[in-house]
Amino acid sequence: MTTQLQSYLELPYSELEDLNLHAKEQRMKRVPLEQVQGDRLKYLKEEKLIKAVTVLFSDLEGRLHMLDYDKKFFINSWDNLTFDGSSIRGFSAQHESDLRLGIDWPAFYWGPADVFGPGKVMVFGEVIDKDGKPYAADLRAVLKAYAKALFEKDGYTLNAANEIEGFLFKGVNAERSYHETGKFEYVSAGGYYHSLPGDTLRTFIDHAAEVQRAMGFQNEKDHPEVAPSQFEINYGYSEVVAAADQIQIYKLICRQVATKMGLTACFLPKPIVGVNGTGMHSNVSVMKDNKNAFWDPQGLEKMSPFAWEFVDRILTHGNDLCLIFNSSVNSYRRLDPHFEAPNQLKASAVDRGSMVRIPLGNHRSARVEVRAVAPDANPYMLLYSIFRTGLEGDIAKIENLRSAQRYLPDNIYDAIKNFNDSEWITKLLGEDVKGRYSDLKKASADRCPRLLGTVVKPPEVQFHHEVYTQYLWNMF
């Protein structure tokens, strides 16, 4: 006979959804920080069944980090949370290691107990330097400050939604154990939209979608993707910082659900030779005066001149931005035109090989879709670079800019060179962060064989050694 000695918070999914949607509404309505902070602290003090607060932040490459703080300690010390920045790739050097974590109170989430454990809530943190200012290498803080300044100056609200593809493989930690197994194993061979109810891939998608719904994602559709054992779970747009947070939570949810099923959710851009890779198409729009500034029913493709200028700036700086959009050696395996890869520096409403696509839309959904993005990109750096480039970048004097025959780099070394040579990237990130990021990418690339090869092998010969090495150094 067992006795239940511990009792921690475990809420039904429907109740979780209500809590998370309320928090999301507060965030969208820009409820004053003091009010939100007061609400959260009051909740934590009164809810006796919460034991810990998980604080999340991301490093320069976009890898998600999590720290659990005892609830009582957190309530008393939330304004004095420190950590060793020298242990985080791309953050402070050893001699200047102390950094502080601020709390972004509106970015507060309740997670299902069966996935994240009972008695816990989550909140995103902000990295603060020793002088009390936002830490320059915390791109989440950079994105947040940029979005806030645009809203206050021009009345712009930046919105985004990302279509994040992934693979589901047999076994737990399939990437880490590749050196032992020598392969990835599919759980389904169904393909696009085709997966029978109750099969392993469909069961995973259903469960992950339920968790997302409970966490306020406001799902739209979910389905198997083109490649075998590939999935995509779509959800509605959010204000840009929340949208970037959702990318991190999406991948975390998928990994947690897969692990509990004895499987692995993989977000490598091209884990398997011979089939489609995985992308993270980034849909963006700008609102002003509660209207979609990209919409124009009389415009080309029903998009406004403002939207087309946004597109032209992205195309102009496409090669500058490629290392941000495609940050790993493995990313450049995906940019293969034989597998619907968007490696062409042009814009189109129909050509899915274009870097930028203009989807069908209306006054609510008109948007620009940046397709040449891998799922291992830093989501905060990604969305910051898209919006700031689209709004402030140059427009090249290239004939037929939107349809000219130009291509993204087919290897990371060319992408690094373009990144290093770009004055726009220096303006975007600053010299210090630009240098840190470039050094990390070059060190990672140098650990892999220089020649990736182009021979397409059968699916059962599913992985090359440098991809495994790349994963170990760039996993998040």
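Residues numbered from 1 in each chain as written. Predicted model: local features only at pLDDT ≥ 70, side-chain atom pairs only at ≥ 80, totals over all residues. Heavy atoms only, no water.

**Quick word on the layout of surface pockets**
Moving on, step 1. Volume-wise, the second largest pocket comes out at about 670 Å³.
Moving on, step 2. Along the wall of the second largest pocket there are 28 residues; nearest its centre are Leu 33, Asp 104, Pro 106, Lys 144 and Lys 148.
Moving on, step 3. Those elements that place two or more of their residues in the lining of the second largest pocket are α1 (13-28), α2 (33-46), β4 (98-110), β5 (120-128), α5 (139-154) and α8 (240-260).
Moving on, step 4. With seven residues, β4 is the largest single contributor of residues to the lining of the second largest pocket. (1 Å grid on protein atoms, 1.4 Å probe; cavity = no way out; pocket = protein on both sides within 12 Å on 5 of 7 lines; lining within 4 Å. Points joined across faces, edges and corners; volume = space filled by probe spheres on them. Helix = DSSP H or I, 4+ residues; strand = E, 2+ residues; numbered from the N terminus.)

**What to know about the nonpolar core**
Moving on, step 1. Membership of the largest hydrophobic core comes to 129 residues, with the highest contact counts inside it found for Leu 158, Phe 204, Phe 231 and Leu 429.
Moving on, step 2. Beyond its immediate sequence surroundings of up to four residues, Leu 158 is in contact with Tyr 146, Ala 147, Leu 150, Ser 238, Glu 239, Val 240, Ser 285, Val 286, Phe 387 and Leu 391.
Moving on, step 3. Judged by nonpolar contacts, the second largest core, of 10 residues, contains Ala 174, Cys 266, Leu 268 and Ile 272. (Core = buried A, V, L, I, M, F, W, Y, C linked by side-chain atoms within 4.5 Å. Buried < 20%, exposed > 50% of the residue type's maximum accessible area, 1.4 Å probe, protein only. Contact = heavy atoms within 4.5 Å.)

**Description of the packing of helix α10 (residues 318-325) against helix α12 (residues 379-392)**
Moving on, step 1. It is the contact of α10 with α12, at a shortest axis distance of 9 Å, that shows an interaxial angle of 165°. Taken together, the axes of α10 and α12 lie roughly antiparallel to each other. Crossing of α10 over α12 shows left-handed handedness. For the pair α10 and α12, the contacting residues are Leu 321, Ile 324 and Phe 325 in the first and Met 381, Leu 382, Ser 385, Ile 386 and Thr 389 in the second.
Moving on, step 2. Taken together, the residues that form the contact of α10 with α12 break down as six nonpolar, two polar and no charged. (Axes fitted to C-alpha atoms, helices over the stretch in contact; angles between N-to-C directions. Parallel < 35°, antiparallel > 145°, perpendicular 65-115°, else oblique. Left-handed = near helix turned anticlockwise from the far one by under 90°. Nonpolar A, V, L, I, M, F, W, Y, C, P; charged D, E, K, R; others polar.)

**Examining the sheet that holds β4**
Moving on, step 1. Taken together, the five strands give an open sheet; going across it, the order is β2-β1-β5-β4-β3, and neighbouring strands pair in mixed fashion. On the outer flanks of this sheet lie β2 (64-70) and β3 (81-84), each paired with one strand and no other. Neighbouring strand axes in the sheet, compared pairwise and without regard to direction, differ in orientation by 40° on average.
Moving on, step 2. Bridge count between strand β1 (residues 52-58) and β2: seven bridges; the pairing is antiparallel. Within β2, the position partnered with Val 53 by the bridge is Tyr 69.
Moving on, step 3. Where α8 meets the sheet, its contacts fall on β1, β2, β4 and β5, and the angle it forms with β4 comes to roughly 80°. (Pairing = 2+ DSSP bridges.)

**Focus: unusual backbone geometry**
Moving on, step 1. Residues other than glycine seldom take positive phi values, yet Arg 30 does so here, at roughly 55°.
Moving on, step 2. Following the sequence through the fold, Arg 30 ends up in the loop between α1 and α2.
Moving on, step 3. For Arg 30, a relative accessible area of 35% gives the class partly exposed.
Moving on, step 4. The backbone of Ser 229 shows a phi angle near 65°, a positive value even though the residue is not glycine.
Moving on, step 5. Turning to its location among the elements, Ser 229 is positioned in the loop between β7 (219-224) and β8 (230-235).

**A few points about the pattern of salt bridges**
Moving on, step 1. In this structure the tally under the stated criterion is 25 salt bridges.
Moving on, step 2. Glu 61 is the salt-bridge partner of Lys 441, the closest N and O atoms lying 2.9 Å from each other. Remark: Glu 61 occurs in the loop between β1 and β2 and Lys 441 occurs in helix α15 (residues 431-446); sequence separation between them is 380 residues. This pair shows no difference in class: Lys 441 is buried, exactly as Glu 61 is.
Moving on, step 3. A single salt-bridge network, built from bridges that share partners, covers Arg 27, Asp 104, Glu 126, Arg 140, Lys 144 and Asp 245. (Salt bridge = Lys/Arg side-chain N within 4 Å of Asp/Glu carboxyl O.)

**Quick look at the confidence of the model for the protein chain**
Moving on, step 1. The predicted model of the protein chain averages 89 in pLDDT, with 89% of residues at 70 or higher.
Moving on, step 2. Ignoring residues within four places in sequence, the model shows residues 452-476, a span with pLDDT below 50, making 67 contacts including any to other chains. (pLDDT = per-residue confidence, 0-100.)

**Here we look at the packing of aromatic side chains**
Moving on, step 1. Counted according to the given criterion, the structure contains 22 aromatic pairs.
Moving on, step 2. Ring plane angle 85° and centroid distance 5.5 Å describe the contact between Tyr 146 and Tyr 384, whose orientation is recorded as edge-to-face. You can see Tyr 146 sitting in helix α5 and its partner Tyr 384 sitting in helix α12, a full 238 residues away along the chain.
Moving on, step 3. A relative accessible area of 11% places Tyr 146 in the buried class.
Moving on, step 4. Classification of Tyr 384 by relative accessible area gives buried; the value is 4%.
Moving on, step 5. Members of the aromatic cluster, joined through ring pairs, are Phe 204, Phe 217, Phe 231, Tyr 235, Tyr 250 and Phe 267.
Moving on, step 6. Taking the ring centre of Tyr 8 as reference, the NZ or CZ of Lys 51 above it sits at 4.7 Å. (Phe/Tyr/Trp six-rings, centres within 6.5 Å; stacked < 30°, edge-to-face > 60°. Lys NZ or Arg CZ within 6 Å of the ring centre and 35° of its normal.)

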